[in-house]
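Architecture at a glance
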Amino acid sequence: SAPDRVSRLALLASAGMRYEPTFNVHVFHPESLDEVRRMIEAFPMTVPPQFIQQDLLRSMKTENWIVKRSLDSMLTARDVMDGKLGSLTMPVLLVWGAKDGVTPLSVGESIRSELKQAKLVSFAQCGHLVPSECASEVLPVLEDFLRSPATSRTSAPRQSSTSAATTGAAAAAQ
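In what follows, the accompanying structure is described. Bear in mind that the values here come from a model prediction, so they are computed numbers and not experimental data.

About the criteria used
- Residues numbered from 1 in each chain as written.
- Predicted model: local features only at pLDDT ≥ 70, side-chain atom pairs only at ≥ 80, totals over all residues.
- Heavy atoms only, no water.
- Buried < 20%, exposed > 50% of the residue type's maximum accessible area, 1.4 Å probe, protein only.
- Helix = DSSP H or I, 4+ residues; strand = E, 2+ residues; numbered from the N terminus.
- Arc of directions from axis to C-beta.
- Contact = heavy atoms within 4.5 Å.
- Expected span 1.5 Å × (residues − 1).
- Bend = angle between axes of the 7 residues up to and from the residue.
- Disulfide = S-S within 2.5 Å.
- Salt bridge = Lys/Arg side-chain N within 4 Å of Asp/Glu carboxyl O.
- Core = buried A, V, L, I, M, F, W, Y, C linked by side-chain atoms within 4.5 Å.
- Axes fitted to C-alpha atoms, helices over the stretch in contact; angles between N-to-C directions.
- Parallel < 35°, antiparallel > 145°, perpendicular 65-115°, else oblique.
- Nonpolar A, V, L, I, M, F, W, Y, C, P; charged D, E, K, R; others polar.

Looking at helix α1 (residues 33–41), one finds that the buried residues are Leu33, Val36, Met39 and Ile40. The buried residues of α1 occupy one face: seen down the axis, they fall within an arc of 110°. Tucked into the core, α1 has its buried residues touching α2 (50–76).

Here we come to α2. Between its terminal C-alpha atoms α2 stretches only 34 Å, short of the 39 Å expected from 27 residues at 1.5 Å a residue. Bending of α2 peaks at approximately 70° at the position of Glu63. Within α2, the full set of buried residues consists of Gln53, Leu57, Met60, Asn64, Leu71, Ser73 and Met74. Of the surrounding elements, those touching the buried residues of α2 are α1. Where α2 terminates, the next one or two residues include Ala77, which has phi positive at roughly 60°.

What follows is about the state of the cysteines. Counted according to the given criterion, the structure contains 1 disulfide. Covalently, Cys126 is tied to Cys134 through a disulfide, its sulfur atoms 1.5 Å apart. Taking the torsion about the S-S bond as the criterion, the Cys126 to Cys134 disulfide, at about -115°, is left-handed. On the accessibility criterion, Cys126 (0% relative accessible area) is buried.

What follows deals with the pattern of salt bridges. Where charged atoms from two side chains of opposite charge approach closely, those side chains can pair. Enumeration over the complete set of coordinates arrives at 3 salt bridges. Here Arg37 ties to Asp34 by a salt bridge, and the two come within 2.9 Å at their closest N and O atoms. Of the two residues, Arg37 and Asp34 are both situated in helix α1; the distance of 3 residues between them amounts to about one turn of the helix. A relative accessible area of 25% places Arg37 in the partly exposed class. The exposure class of Asp34 is partly exposed, given its relative accessible area of 47%. The salt bridge partner of Arg78 is Asp72, with a shortest N-O separation of 3.1 Å.

Phe23, Phe28, Leu94, Trp96, Ile111 and Leu115 are the most contacted members of the largest nonpolar core, which totals 24 residues. At the level of elements, α2, β2 (92–97), α3 (105–114) and β3 (118–123) are the ones that each hand at least two residues to this core. The next biggest cluster of nonpolar side chains, apart from the first, holds 12 residues, and it includes Ala13, Cys126, Val138 and Val141.

Taken N-terminus to C-terminus, the directions of α1 and α2 make an angle of 95°; their axes are 10 Å apart at the nearest point. Here α1 is positioned roughly perpendicular relative to α2, judged by the angle of their axes. From α1, Leu33, Val36, Arg37, Met39 and Ile40 reach across to α2, where they touch Gln50, Gln53, Gln54, Leu56, Leu57 and Met60. Class assignment for the residues of the contact of α1 with α2 results in 7 nonpolar, 3 polar and 1 charged.

This is how it looks when you write it as structure tokens:
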């Protein structure tokens, strides 16, 4: 409610725009270790040891309301921001995993199309958990964005999508 208090905005694999999920939404409500493994397989990551899977199952049973609320919002489009982003004027960095199966890169491209000052950086080998899956590539891009000199809130040029897999250093330097 006070966008003027935000001088920079970084969104990482963020939902918020209308799109049809291509994944089975029920996979995020595991009731057993087998279902936890199926959920983990939805992300391009190494399957953790069984004791971590058990802890994940335990914590999801008590904290699943967060996931349920997020999925409900996504499926009903109740909280979508389509057509509402034009009033934002601060520099915006959009960070996405090109292999994101939860909020696909097309969502980032939709956000960028509404924010003329946004820069979209995608990481070819990453999925939805881009900050942890590709931390060594993502962190320098975020740090450079947050440390860059302040620019006019309305004069920043629109940036096109940059693939960090091929231009990581260049993207970080921009």
